[in-house]
Amino acid sequence: MATMDLRTEIREFLSSRRARITPEQAGLPAYGGNRRVKGLRREEVALLAGVSVDYYVRMERGSLAGASDGVLDALASALQLDEAERDHLFHLARRSRTPSGPRRRRPALTVRATLQQVLDAISDAPAWIGNGRFDVLAMNQLGRALYSPALADPRRPANTARFVYLNPEAARDFFVDYDRIAGDVAAKLRMEAGRNPHDEELIALVGELSTYSELFRQRWASQDVRLHRSGRKRLSHPIVGRLDLDVESLQLPAEPGLHLIVYTAPADTPTADNLALLASWAAARQTPATELEAHNG
């Protein structure tokens, strides 16, 4: 990320999406049994998108500045992009149309006191507020108890991407579906990089993860992107054991770039019982200072 320019990002993203689609998947005849390219040829993508071969070649070489929204939509359809990939393509195109600016350090993000009050009012479910870099900016008591393994790192704000990739043994113990989680984290970071290419903290984080984690380098190179969405997360907690949690990720319109994550479980399930046990354990600790006060204070 720190050394990758925009043209390289566009080229690698488009070529990787082209390589995964066979002619059969695209509804095209596959002439001859010996194809020298993996996936579609450039001329086949151009045909599907309704543009000239020369124009598509220029786009794949990194030139999206002149592409209209209609052309981008046609290209997204030709490459069978999902919602996140289409958004990423449009982010790359917007960056192509505007002069590149210097890296910038964002103002330190702090969570308003009223939002912390909202978190604290959610007493029966773990909840936290984070940004697109996976920084944990505020948590409620049960959230701190749930993510206590990730909070063992003294750096603040805590960062779950660092936990996943730089403390893989603990993360594998904690996340039942570690491989999927690792892929999602890298893909969401790449999505964030498309939105905020000059975010200095994001560039530094990607550089750090790339330096110290071979797995991250592999996942980053895949060019995959993901949106922050609701879903299910299976955890193995060191205190209460297995937790199969429903996760809701909600954007905060008044705080661009931040989202609220809440973990719940259906009533009368083993996970609900274990969450109640975790809440009792957290209350018994009665730690007056949170792990985040030093960052938010």
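This structure is a prediction, so every number in the text was calculated from the model and none was measured. (Residues numbered from 1 in each chain as written. Predicted model: local features only at pLDDT ≥ 70, side-chain atom pairs only at ≥ 80, totals over all residues. Heavy atoms only, no water.)

Undergrad: Please provide a residue-by-residue account of the overall build of the protein, values included.
TA: Counting secondary structure elements, the protein contains 15 helices and six strands. When contacts within the protein are restricted to residue pairs at least 6 apart in sequence, those whose partners lie at least 24 apart make up 60%. Accessible surface, the protein as shown: approximately 14700 Å² in total, 51% of it carbon and sulfur. (Helix = DSSP H or I, 4+ residues; strand = E, 2+ residues; numbered from the N terminus. Contact = heavy atoms within 4.5 Å. Areas by Shrake-Rupley, 256 points an atom, 1.4 Å probe, with all protein chains shown as cover.)

Undergrad: I'd like a description of the side chain of N274, backed by residues and values.
TA: The topology assignment puts N274 in helix α14 (residues 270–285). Filtering out sequence-adjacent residues up to four positions away, N274 remains in contact with V240, R242 and L243.

Undergrad: I'd like a rundown of the packing of aromatic side chains, residues and numbers included.
TA: Summed over the entire model, instances satisfying the criterion amount to eight aromatic pairs. Measuring from centroid to centroid gives 5.1 Å for Y165 and F216, while their planes differ by 80 degrees, and the two rings are edge-to-face. Here Y165 is found in helix α9 (residues 160–166), whereas its partner F216 is found in helix α13 (residues 214–221), with 51 residues between them in sequence. For the pair shown, Y165 and F216 are each scored as buried. One aromatic cluster is present, formed by W128, Y147, F163, F174, F175 and Y263 through successive ring pairs. Over the face of the ring belonging to W220 we find R190, whose NZ or CZ atom lies 4.0 Å from the ring centre. (Phe/Tyr/Trp six-rings, centres within 6.5 Å; stacked < 30°, edge-to-face > 60°. Buried < 20%, exposed > 50% of the residue type's maximum accessible area, 1.4 Å probe, protein only. Lys NZ or Arg CZ within 6 Å of the ring centre and 35° of its normal.)

Undergrad: Talk me through the nonpolar core; I want residue IDs and the actual numbers.
TA: Core analysis: the largest hydrophobic core is formed by 41 residues, its most contacted members being Y147, F175 and L189. At seven residues, helix α11 (residues 178–195) tops the list of elements feeding residues into this core. What F175 contacts, discounting residues up to four positions off in sequence, is Y147, F163, V164, I181, K233, R234 and L235. Ranked by size, the runner-up nonpolar core spans 26 residues in total, among them L28, L40, Y56 and L92. (Core = buried A, V, L, I, M, F, W, Y, C linked by side-chain atoms within 4.5 Å.)

Undergrad: Give me helix α4 (residues 53–60): which residues, what numbers.
TA: Three or more residues of α4 are buried, namely Y56, V57, M59 and E60. Seen along its axis, α4 keeps its buried residues to an arc of 160 degrees; they face one direction. Looking at the buried residues of α4, the elements they touch are α1 (6–19), α3 (42–49) and α5 (69–78). Just downstream of α4 lies G62, where phi reads positive at about 115 degrees. (Arc of directions from axis to C-beta.)

Undergrad: Explain the packing of helix α6 (residues 83–97) against α11 to me, using residue names and the numbers behind them.
TA: Direction vectors running N to C along α6 and α11 enclose 30 degrees, while the axes themselves pass 8 Å from each other. Relative to α11, α6 is oriented roughly parallel. The way α6 lies across α11 gives a crossing that is left-handed. Residue-level inspection shows A84, D87, H88, H91 and R95 of α6 in contact with α11, the latter providing R190, M191, A193, G194 and R195. A per-class count over the contact of α6 with α11 returns three nonpolar, three polar and four charged. (Axes fitted to C-alpha atoms, helices over the stretch in contact; angles between N-to-C directions. Parallel < 35°, antiparallel > 145°, perpendicular 65-115°, else oblique. Left-handed = near helix turned anticlockwise from the far one by under 90°. Nonpolar A, V, L, I, M, F, W, Y, C, P; charged D, E, K, R; others polar.)

Undergrad: Break down the side chain of N140 for me, citing the residues and quoting the values.
TA: Tracing the backbone through its elements, the reader meets N140 in the loop between β2 (135–139) and α8 (141–146). A polar side-chain atom of N140 sits 3.4 Å from the main-chain carbonyl oxygen of L119. At 2.8 Å, the side chain of N140 and the backbone oxygen of I122 are in polar contact. Beyond its immediate stretch of four places on either side in the chain, N140 contacts L119, D120, I122, A125, P126 and A127. (Polar contact = N/O pair within 3.5 Å; in protein donor to acceptor, adjacent residues only side chain to side chain.)

Undergrad: How would you summarise the packing of α5 against α6 if you had to cite specific residues and measurements?
TA: Where α5 meets α6, the closest approach of the two axes is 10 Å, and the angle between their N-to-C directions is 145 degrees. The hand of the α5/α6 crossing is right-handed. The residues of α6 that touch α5, namely those facing D69, L72, D73, L75 and A76, are R86, L89, F90, A93 and R97. Within the contact of α5 with α6, the residues separate by chemical class into six nonpolar, no polar and four charged.

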